[in-house]
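Architecture at a glance
The lines below spell out each chain.
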Amino acid sequence: MLTLDGVKILDMSQYTPGHHGTMLLGDMGADILKIEAPTVTIRGGLSSRREPPPEERQRSQAFDALGRNKRSIAINLKDERGREIFYKLAREADVVLEGFRPGVVKRLGVDYQTISKINQRIVYASLSGYGQDGPYSQMAGHDINYIAQSGALGVIGPAPDEPPVIPMNFLADLAGGGTMAALGIVAALLNRERSGRGQFIDISMAEGAMQLTSSMLSSYLGSGRVPVRDRESHSGSVVYYSVYQCKDGKWISIGCIEPYFYESFCRELGREDWLPDQHADPGRQAEMIAAAREIFLTRTRDEWHEALNRHDLCAMRILAMDEMADDPHVRARGMIMELQHPKIGRVKQMGSAIKFSETPSSFRSFAPARGEHTDAVLKELGYATDQVAALRDDGVVV
């Protein structure tokens, strides 16, 4: 028994944010059916990504955590027969997730208003850059644009007169987008158990990123003081909350905020004279940081890590991806799984960060190829073999 056993989700999302959200739900046991287009195209008829050769594609699927625990059907929703297939699926579904620009699903005839008439219990989530309405709703964008608009990007970086630092696509795409979508879907399903009705969920990745700034934003709204890059205590402007390069060129992170951690930090660095200066002005902090940088260059990263943690300090090695994947704690917590693929052999995938005591998340299948389950799904809906063949010949399904 898994947490979301029996929950059927139709996933129309095309990119990482939606795929991340349904991966979380699929790991919890939800039956995820990817609704994919028969071909991969964007405006102008150009391919939005290179289709790799079969061997490369199979290997990619084996390691694709975002696609695991999902099935795939490829339907042309612009064709009336394709829409009818979707409607049949929606009648039995619990959730629909889409990630198109606002207005697209309405033009396709698979929007919430249409689907809720077919199934009033449907939970329908629309994941977009700036939300379903407002002045920016039709603007194109990616993670970097969403975190720019949210205020998050403006506070990440070394100094006000230097460029902001781009934190990959973690904040808006994954945390503000996919994770918020999964949370909203689970909450709506819980509410449906009480009310008997589904509902529409509007998730904006920009607003999701904005939500992640809640502590800093609350401070600004209360004080009127605009946060400044590299002037905030959590952005590396103080000696006790920063990153330092070590003798071997590797880096370590320090987060000794509490006075008792700060005191031990100063003593380990041999700078007891800093003890009265934890909340010193920026000029003094800059001097202390410069001195700490010289001190950290006297030992390797791992030597510092061992020494500092011996005194129960908030210090952690900054790990490269390969180091993280082999870290004993990561392994012990099951965050790197080793799986047996029928053709590729042993492969590794990311585990689940949500640990349930009674209904643990699970891996049940590798990522599917586009349309891998089309025939099986259509037969489940009652289509005969010759009907499936006709739909395939006409390009309605793949």
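Predicted, not measured: the structure shown is a model, and the values here were computed from it.

Thresholds, definitions, all that
Residues numbered from 1 in each chain as written. Predicted model: local features only at pLDDT ≥ 70, side-chain atom pairs only at ≥ 80, totals over all residues. Heavy atoms only, no water. Helix = DSSP H or I, 4+ residues; strand = E, 2+ residues; numbered from the N terminus. Buried < 20%, exposed > 50% of the residue type's maximum accessible area, 1.4 Å probe, protein only. Contact = heavy atoms within 4.5 Å. Phe/Tyr/Trp six-rings, centres within 6.5 Å; stacked < 30°, edge-to-face > 60°. Lys NZ or Arg CZ within 6 Å of the ring centre and 35° of its normal. Patch = residues over 30% accessible without salt bridge, like charges linked within 9 Å, V, L, I, M, F, W, Y side chains within 5 Å. Areas by Shrake-Rupley, 256 points an atom, 1.4 Å probe, with all protein chains shown as cover. Salt bridge = Lys/Arg side-chain N within 4 Å of Asp/Glu carboxyl O. Pairing = 2+ DSSP bridges. Axes fitted to C-alpha atoms, helices over the stretch in contact; angles between N-to-C directions.

1. Comments concerning the environment of G178
Within the secondary structure layout, G178 lies in helix α7 (residues 170-195). By relative accessible area, which is 0% here, G178 ends up buried. Among residues more than four places away in sequence, those in contact with G178 are P17, H20, G21, L127 and D173.

2. Topic: the packing of aromatic side chains
Two measures describe an aromatic ring pair: the distance that separates the ring centres and the angle between the ring planes. One pass over the structure, following the stated rule, counts 10 aromatic pairs. A ring pair is formed by Y130 and Y146, whose centres lie 5.2 Å apart and whose planes are at 85 degrees; its orientation type is edge-to-face. Taken as a pair, Y130 in the loop between β5 (123-128) and α6 (143-150) and Y146 in helix α6 lie far apart in primary sequence, 16 residues in all. Site record: aromatic cluster; members linked through ring pairs are Y112, Y124 and F200. Above the ring of W304, the side-chain terminus of R299 is found at 4.3 Å from the ring centroid.

3. Let's talk about a nonpolar patch on the surface
Residues Y220, L221 and V226 make up a contiguous nonpolar surface patch of roughly 310 Å² in combined accessible area. One can find V226 in the loop between α9 (214-223) and β7 (241-245).

4. What to know about the sheet that holds strand β8 (residues 251-255)
Picture the strands of a sheet paired through backbone hydrogen bonds; they go either parallel or antiparallel. The three strands are arranged β7-β8-β9 in an open sheet whose pairing can be described as antiparallel. With one partner strand each, in any of the chains shown, β7 and β9 (315-317) form the two edges of the open sheet. For this sheet the average axis-to-axis angle between neighbouring strands, irrespective of direction, equals 20 degrees. Both β7 and β8 contribute to a ladder of five bridges, which runs antiparallel. Bridge assignment links Y244 to a residue of β8, and that residue is I252.

5. So, the pattern of salt bridges
In the structure shown here, the tally under the stated rule is 24 salt bridges. In this structure, E36 engages R370 in a salt bridge whose closest nitrogen and oxygen atoms are separated by 3.9 Å. With a gap of 334 residues between them, E36 in strand β2 (residues 31-36) and R370 in the loop between β11 (345-350) and α15 (374-380) connect regions that are remote in the sequence. For E36, a relative accessible area of 13% translates into the label buried. Overall, the relative accessible area of 25% leaves R370 in the partly exposed class. Taking the shortest distance from any N to any O, the salt bridge between K250 and E323 comes out at 3.5 Å. Note that K250 is positioned in the loop between β7 and β8 and E323 in helix α13 (residues 321-325), a separation of 73 residues in sequence.

6. Some words on unusual backbone geometry
Even without being a glycine, N69 presents a positive backbone phi close to 55 degrees. By secondary structure assignment, the location of N69 is in the loop between α2 (54-63) and β3 (70-74). The buried category is assigned to N69, whose relative accessible area is 5%. Despite not being glycine, M168 shows a phi value in the positive range, around 55 degrees. Relative to the helices and strands, M168 resides in the loop between α6 and α7.

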